[in-house]
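# Report on the structure
Listed here are the chains, written in short residue letters.
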2 protein chains.
Amino acid sequence: MMNQTIETMLAHHSVRKFKDKPLSREQIQWIVKSAQAASTSSYIQAYSIIGVTDPEKKRKLAELAGNQTYVAENGHFFVFCADLYRHELIGKKENSDVKDTIESTEKFMVALIDAALAAQNAAVAAESMGMGICYIGGIRNNLPEVQKVLKTPQRVVPLFGMAVGYPDQDTDVKPRLPFEHIYHENEYEQDLEAYEGQLDEYNKEISKYYNQRTNGARSDTWTGQMGKMLSNKTRMYMKDFVQGKGFDLK
Amino acid sequence: MMNQTIETMLAHHSVRKFKDKPLSREQIQWIVKSAQAASTSSYIQAYSIIGVTDPEKKRKLAELAGNQTYVAENGHFFVFCADLYRHELIGKKENSDVKDTIESTEKFMVALIDAALAAQNAAVAAESMGMGICYIGGIRNNLPEVQKVLKTPQRVVPLFGMAVGYPDQDTDVKPRLPFEHIYHENEYEQDLEAYEGQLDEYNKEISKYYNQRTNGARSDTWTGQMGKMLSNKTRMYMKDFVQGKGFDLK
């Protein structure tokens, strides 16, 4: 039952160092066409993809994403955007009042989900061709500046980047939460003790994973990592930004 | 360069009629493990998957999703949820103040994107095994009732369902927006005339597509469809619902 496609997906790990070999036009097309083939809510296609090749723009994006060199140095850099700009134009073209709908939280969710489904197909396409990828949420550190670089109009929010290229490093597959913690049957897990026990079990696994990789220098748990990360109030400007772009208003 | 995985993705079309053959435990596991292998923002894993097998629950969900029979009749039914419930527990466990962060628009976006990336891997896994899938956004018609069926706690929002199974119908691949309309290079398309011209070109293609499929009974354009759909103010309760569940508040 296991096949090449599932094998590719299960082998996923983020790649942060790429060989200096740009993707061909044909490779970019397969990736984007795969992205476009993903499901889209009611055919709405509420996203856009910007491929960045200009070295100066890549350098600037790398800096904005928190000095991540692999944003500039890769085979190709994609930015996935939630996009209801074309739908606003459609409103005028079709003489249809679309304002309330495209400004709704529902359609904000639709645009995010559409963009993410497309992106994951792009990731799988790239990996199936022997490349590595890394999602770059870091562009959300400073979207006002990112939108200047990419010249995105109103009703468009850049969501994340994706660095793609031929891997120049070996990385491990990182263990995920226990199957039974992510996957529930018929209803959400109601037994809090069992649920928290799964987190403890996972902590042991993660702690061992870091320990082995670092010869004992690191042994943090997953809940420890998360507790630390979530106490940092980062990107708290997002609500204002998103609403300023005309999303998630009603 | 084209390979089996890309071929699978390019052949995607929604399937809305399934054979009466439930998925095996092993098949469900491959699908969920593929989902879990997708990238996750800063390792946060902010989603859950609920597999629904109980016939009464499936019937109820089918009704809530607008009487879509394939929600009840399929090989397996998954519901993908944005989930920061475990992260709230982590806050207590690690004595860490996570409230502002998990209530932020940024983390709402992260949870949606995480869930969608996982879902798309699940879709590709199922299709790679010869099954068909259909995303069910219809569960968002009535999330207050859906959450009663699935008993989801605070900090969890069911986003969409996914019906999976062996296809019992032939469906066509639906043409997507022109490549150059979705994919921009270095910056968003600044030439409005070219951009709108692409929509006109696409309209002709879609109109022809419907015409051929229906022997001339239908010839609507894409912008016509969208204009109509977006003039319907549906699911306008979403903002209140999502905020009531503790997301997207600040």
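Heads up: these notes are all about the structure in this document. If you're wondering where the values come from, they're calculated on a predicted model, not measured in any experiment. (Residues numbered from 1 in each chain as written. Chains lettered and ligands numbered in written order. Predicted model: local features only at pLDDT ≥ 70, side-chain atom pairs only at ≥ 80, totals over all residues. Heavy atoms only, no water.)

## A word on the overall build of chain A
Counting its secondary structure elements, chain A contains 12 helices and five strands. Judged by the C-alpha coordinates and their principal axes, chain A covers about 60 × 50 × 40 Å. Buried residues in chain A amount to 61% of all 250 residues. Excluding contacts between residues fewer than 6 apart, the proportion of contacts in chain A whose partners are at least 24 apart in sequence is 78%. About 9600 Å² of surface is accessible on chain A, with carbon and sulfur atoms providing 45% of the total. (Helix = DSSP H or I, 4+ residues; strand = E, 2+ residues; numbered from the N terminus. Buried < 20%, exposed > 50% of the residue type's maximum accessible area, 1.4 Å probe, protein only. Contact = heavy atoms within 4.5 Å. Areas by Shrake-Rupley, 256 points an atom, 1.4 Å probe, with all protein chains shown as cover.)

## What about the packing of aromatic side chains?
All chains considered together, the criterion is met by 24 aromatic pairs over all chains. Measuring from centroid to centroid gives 6.4 Å for Phe78(B) and Phe80(B), while their planes differ by 45°, and the two rings are tilted. Judged on exposure class, the residue Phe78(B) and its partner Phe80(B) are both buried. Within the aromatic cluster, the residues linked to one another by ring pairs are Phe78(A), Phe80(A), Tyr135(A), Phe160(A), Phe179(B) and Tyr183(B). Just above the ring of Tyr166(B) sits the side chain of Lys21(B); from NZ or CZ to the centre is 4.5 Å. (Phe/Tyr/Trp six-rings, centres within 6.5 Å; stacked < 30°, edge-to-face > 60°. Lys NZ or Arg CZ within 6 Å of the ring centre and 35° of its normal.)

## Comments concerning the side chain of Gln45(B)
Locating Gln45(B) in the fold gives a position in the loop between α2 (25-36) and β1 (47-52). Of the residues examined, Gln45(B) reaches a relative accessible area of 1% and is grouped as buried. Side-chain polar atoms of Gln45(B) contact the backbone nitrogen of Leu177(A), separated by 2.8 Å. Setting aside chain neighbours within four positions, we find Gln45(B) in contact with Arg176(A), Leu177(A), Tyr202(A), Trp222(A), Thr40(B), Arg86(B), His87(B) and Asp114(B). (Polar contact = N/O pair within 3.5 Å; in protein donor to acceptor, adjacent residues only side chain to side chain.)

## Structural notes on unusual backbone geometry
In this structure, Asn95(A) is a non-glycine residue whose phi angle is positive, near 55°. Within the secondary structure, Asn95(A) is located in the loop between α5 (85-93) and α6 (99-102). You will see that Lys151(B), though not glycine, has its phi angle at about 50°, which is positive. Mapping Lys151(B) onto the fold places it in the loop between α8 (143-150) and β4 (156-165). Given a relative accessible area of 40%, Lys151(B) falls into the partly exposed group.

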